[in-house]
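# Survey of secondary and tertiary structure
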Amino acid sequence: MTPEKGLLPEKGLLIVLSGPSGCGKGTVLARLLQNDSGTAASISATTRAPREGERDGVHYYFISREAFESRIRSGEMLEYASYCGNYYGTPKQAVERLREQGTNVILEIELQGAMKIKRSCPDALFVFIMPPSLRALRERLTGRGTEDAATVESRLAVAKSEIAQADQYDYIVVNDTVEQAVAQLQAVLLAERVKNVCKQKLIDEVLNNA
Ligand code: 5GP
């Protein structure tokens, strides 16, 4: 059961979801969104080339370095980071628009960007998706076959450093099985919604219903 709509704050929650490349956070997030119409994922901009099957405006906005740098200069990015040689960033306007409509917005971003959000939006919720082990992560990264050996190694190096800093997050969800990870993430979001219920409205509602 979710909290009564009228008792929820007007603005949607901001949820930051991180986890090393290959930890399965994209799958966990897609499964969560299927069952949660009040929550949407932000679409990032990146300078990396699209992988097979990725579509512009759906998975990412694939843009050039020049275009990305111009967006940084004009203040259009809520946060951005350089990751394994490419820029990744969150377009500010879309996130704000969704939150103003009361939709919860999830940013699936890496650690440097997450720490920037921590400074600029202290009310955001931070969740880290953890692989069961470094060995499992290496197997997943090699197994999906979307990156060459050098890229896998560079992603693993970043992964080690990200895992070591996971204590910066409010919650760590271990992705042992997708079902279990989704259930834990749903529980975390529900708890956050209940926590954010307008207490005074709830108190007034109960007292006025004599
Ligand atoms: P990938 O190339 O595998 O799609 O993403 C590489 C990393 O960039 C992942 O950890 C992903 O979460 C992160 N990422 C994706 N979009 C953004 C973004 O807008 N900002 C930041 N800081 N990281 C992002």
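Look up: the structure comes first, before these words.
Quantities reported herein were computed from a predicted structural model and do not represent experimental measurements.

### Some points on the sheet that holds strand β6 (residues 86-91)
- Read from one edge of the open sheet, four strands run β4-β3-β6-β5, paired in mixed fashion. What marks the edges here is a single partner per strand, and that holds for β4 (61-62) and β5 (77-83).
- Here six bridges tie β5 to β6, and the two strands are oriented antiparallel to one another. Following the sheet pairing, Tyr83 is matched in β6 by Asn86.
- Its contacts with the sheet put helix α3 (residues 92-100) on β5 and β6, and the angle it makes with β6 is roughly 30 degrees.

### Looking at the pattern of salt bridges
- According to the stated counting rule, one finds eleven salt bridges in the structure shown.
- In this structure, Glu108 and Lys25 form a salt bridge, with 3.8 Å as the shortest nitrogen-oxygen distance. Of the two residues, Glu108 sits in strand β7 (residues 104-108) while Lys25 sits in helix α1 (residues 25-34), which places them 83 residues apart along the sequence.
- Residue Glu108 is classed as partly exposed on the basis of its relative accessible area of 33%.
- A salt bridge links Glu147 to Arg144, with the shortest nitrogen-to-oxygen separation between them at 3.4 Å.
- Salt bridges sharing common partners tie together Arg48, Arg51, Glu54, Arg144 and Glu147.

### Examining the packing of aromatic side chains
- Under the defined criterion, the tally for this structure stands at eight aromatic pairs.
- Centre to centre, the rings of Tyr83 and Tyr88 are 5.7 Å apart; their planes meet at 85 degrees, and the pair counts as edge-to-face. Here Tyr83 and Tyr88 have matching classes, each one buried.
- Plain terms: the ring middles of Phe126 and Tyr169 are 6.3 Å apart, the flat faces sit at 75 degrees to each other, and that makes the pair edge-to-face. With Phe126 in strand β8 (residues 125-130) and Tyr169 in the loop between α6 (149-164) and β9 (171-174), this residue pair connects regions lying 43 residues apart in the sequence. Per residue, the accessibility class of Phe126 equals that of Tyr169, and both read buried.
- Connected via pairs of aromatic rings, a cluster forms that spans Tyr60, Phe62, Tyr83 and Tyr88.
- Positioned over the ring face of Tyr80 is Lys116, at 4.3 Å from the centre of the ring.
- Over the ring of Phe126 we find Lys118; its NZ or CZ atom is 5.7 Å from the centre of that ring.

Definitions and limits used
- Along each chain, residue indices are assigned from 1 in the same order as the chain's sequence is written.
- With the structure being a predicted model, the display of local features is reserved for residues of pLDDT at least 70 and the display and counting of side-chain atom pairs for 80 or more, all residues being used for whole-chain, interface and lining totals.
- Side-chain calculation: all heavy atoms of the structure are included, whereas hydrogens and water are not.
- Strand pairing is assigned whenever DSSP detects at least two bridges linking the two strands.
- Each helix corresponds to a stretch of at least 4 residues labelled H or I by DSSP, and each strand to a stretch of at least 2 residues labelled E; elements are numbered beginning at the N terminus.
- In what follows, residue pairs with any heavy atoms lying within 4.5 Å of each other are defined as contacts.
- Axis lines are fitted through C-alpha atoms, for helices just across the contact stretch, and the angle between N-to-C directions can take any value from 0 to 180 degrees.
- We count a salt bridge whenever a side-chain nitrogen from Lys or Arg sits within 4 Å of a carboxyl oxygen from Asp or Glu.
- Burial classification: accessible surface area is computed with a 1.4 Å probe over protein chains only, and a residue below 20% of its type maximum counts as buried, one above 50% as exposed, and the rest as partly exposed.
- Only centres within 6.5 Å qualify two rings of Phe, Tyr or Trp (six-membered ring in Trp) as a pair; their planes then separate them into stacked at under 30 degrees, edge-to-face at over 60, and tilted for everything else.
- Any Lys NZ or Arg CZ that is within 6 Å of a ring centre and within 35 degrees of that ring's normal is treated as a charge sitting over the ring.

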